[in-house]
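Chain and residue survey
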2 protein chains.
Amino acid sequence: MPNLYVALTHYPVVNKSGDIITSAVTNLDLHDISRAAKTYGVKSFYVVTPLKDQQVLAQRIIAHWTDGSGATYNPARRQALETIKVIDSIADVVEDIKSIENQDPKTVVTSASRYPASIGYDDLRNEMKNGRPHLLVFGTAWGLAESFVSEADYILEPIMGSTDYNHLSVRTAAGIILDRLLGDYN
Amino acid sequence: MPNLYVALTHYPVVNKSGDIITSAVTNLDLHDISRAAKTYGVKSFYVVTPLKDQQVLAQRIIAHWTDGSGATYNPARRQALETIKVIDSIADVVEDIKSIENQDPKTVVTSASRYPASIGYDDLRNEMKNGRPHLLVFGTAWGLAESFVSEADYILEPIMGSTDYNHLSVRTAAGIILDRLLGDYN
């Protein structure tokens, strides 16, 4: 099994004008990305926001499917949402992983932009075979703040399809990236 | 460029109990799948429902982003949603493609179940290189009705990750399948 953790962060991200903001939690991000995380054997899916009311909202959505009537109605949904941990900051995510793994994870940020130091999918897939924990970070809104991107161990290449249009939703991008890193098919 | 069309159908699909139903249109299905379709050069994304009020709802969502204030606010979203055609039935989709391409498309259905006659991703990717139009059909709710699946030219292998959990959202599954069929990376 892969030794991979995923985080979706709502701060620090940028808005359309490039200002650093805290974005709102989106219900279907929790559902879609937790289902993809469960499919690909991700160890935990961290939903990161410093806003207490947004943490409460996220916890309420999760509880509906893990403890509430949703848990009996749709057990597959429960299994997915159980992988979620709601947490204050990426620094806290790193601490949490460290407490589980007894070592720092390598941090990998995703972006729709290409950077000179970007790592490709096959290279990261190979690197992950060393068994060391890796943390894959997705941003919401218009993407992760530059200052945050520059501090990561790796910046993953953007997803390019058959065109120069690259405006996938974070839900879709997370699924495709997990498939490229962990999928197996022919 | 690939000669591929995508359809998301709301009938005939099954509910949790296996009954054939017409499902409701989901806003984020239109956004996420049109953005993935645009990314991978899909020619049109058909949203299929026989219900007139659901067609009106889908058209209203699309118009907000293609003609309304959304079009100036977010031009990338407009480009994606412009690929959508709202239509009554898969039969009408096939007729529409035939009128454009002067030949019937090969129909490919997607499913979370494995069938004896399933086609793999590499095989379909190679087959599509013949330039003939292909129509990739996704179901909503608990998936496409069996009667519908059995009439298709091909049934695509289910997406399996690193686990036996296979409950991706249709939004995520559409993105991963387009990437497997048309993506290019290393």
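Residues numbered from 1 in each chain as written. Chains lettered and ligands numbered in written order. Predicted model: local features only at pLDDT ≥ 70, side-chain atom pairs only at ≥ 80, totals over all residues. Heavy atoms only, no water.

Description of the confidence of the model for chain A
This prediction gives chain A a mean pLDDT of 95; 99% of its residues lie at or above 70. Interface scoring of the predicted complex returns ipTM 0.96; its pTM is 0.96. (pLDDT = per-residue confidence, 0-100.)

Considerations on the sheet that holds strand β1 (residues 4-9) of chain A
All names here are of chain A. The strand order across the open sheet formed by seven strands is β5-β4-β1-β8-β6-β9-β7, and the pairing between neighbours is parallel. Two strands bound the open sheet, and with one partner strand each, they are β5 (84-87) and β7 (118-119). Relative to strand β8 (residues 134-139), β1 runs parallel, the two being bridged by six bridges. The residue bridging Tyr 5 from the neighbouring strand is Leu 135, located in β8. Of the strands in this sheet, β1, β4 (45-48), β5, β6 (106-109) and β8 are in contact with helix α5 (residues 90-101), which crosses β4 at around 155°. (Pairing = 2+ DSSP bridges. Helix = DSSP H or I, 4+ residues; strand = E, 2+ residues; numbered from the N terminus. Contact = heavy atoms within 4.5 Å. Axes fitted to C-alpha atoms, helices over the stretch in contact; angles between N-to-C directions.)

As for the side chain of Gln 54 of chain B
Residues and elements named next belong to chain B. Within the secondary structure, Gln 54 is located in helix α2 (residues 52-66). Assessed through its relative accessible area of 14%, Gln 54 is described here as buried. If sequence neighbours within four positions are ignored, Gln 54 has contacts with Ser 23, Ala 24, Val 25 and Thr 49. (Buried < 20%, exposed > 50% of the residue type's maximum accessible area, 1.4 Å probe, protein only.)

Notes on the interface of chain A and chain B
Of the residues lining the interface, 42 residues belong to chain A; the matching set on chain B comes to 42 residues. A combined buried area of about 3,600 Å² lies between chain A and chain B, and 54% of that area is made up of carbon and sulfur atoms. A per-residue breakdown of the area chain A buries against chain B is headed by Thr 39, Tyr 165 and Tyr 185 of chain A, which together make up 19% of the total. The partner of Asp 179 of chain B in a salt bridge is Arg 180 of chain A, with the nearest N and O atoms 2.6 Å apart. Our count for the contact surface shared by chain A and chain B stands at 22 residue pairs in polar contact (both at pLDDT 80 or more). Per-class residue counts for the side of chain A that touches chain B are 17 nonpolar, 15 polar and 10 charged. (Buried area = accessible area lost by both parts, 1.4 Å probe. Salt bridge = Lys/Arg side-chain N within 4 Å of Asp/Glu carboxyl O. Polar contact = N/O pair within 3.5 Å; in protein donor to acceptor, adjacent residues only side chain to side chain. Nonpolar A, V, L, I, M, F, W, Y, C, P; charged D, E, K, R; others polar.)

Considering the relation of the copies chain A and chain B
For the pair chain A and chain B, the superposition axis carries a translation of 0.0 Å, the fit reaches an RMSD of 0.0 Å, and the rotation angle comes to 180°. Both copies are brought into coincidence by an operation consistent with a two-fold rotation axis. With an isologous cut-off of 70% or more, the 100% of interface residues of chain A that recur at the interface of chain B puts this contact in the isologous class. (Least-squares fit on C-alpha atoms with pLDDT ≥ 70 in both.)

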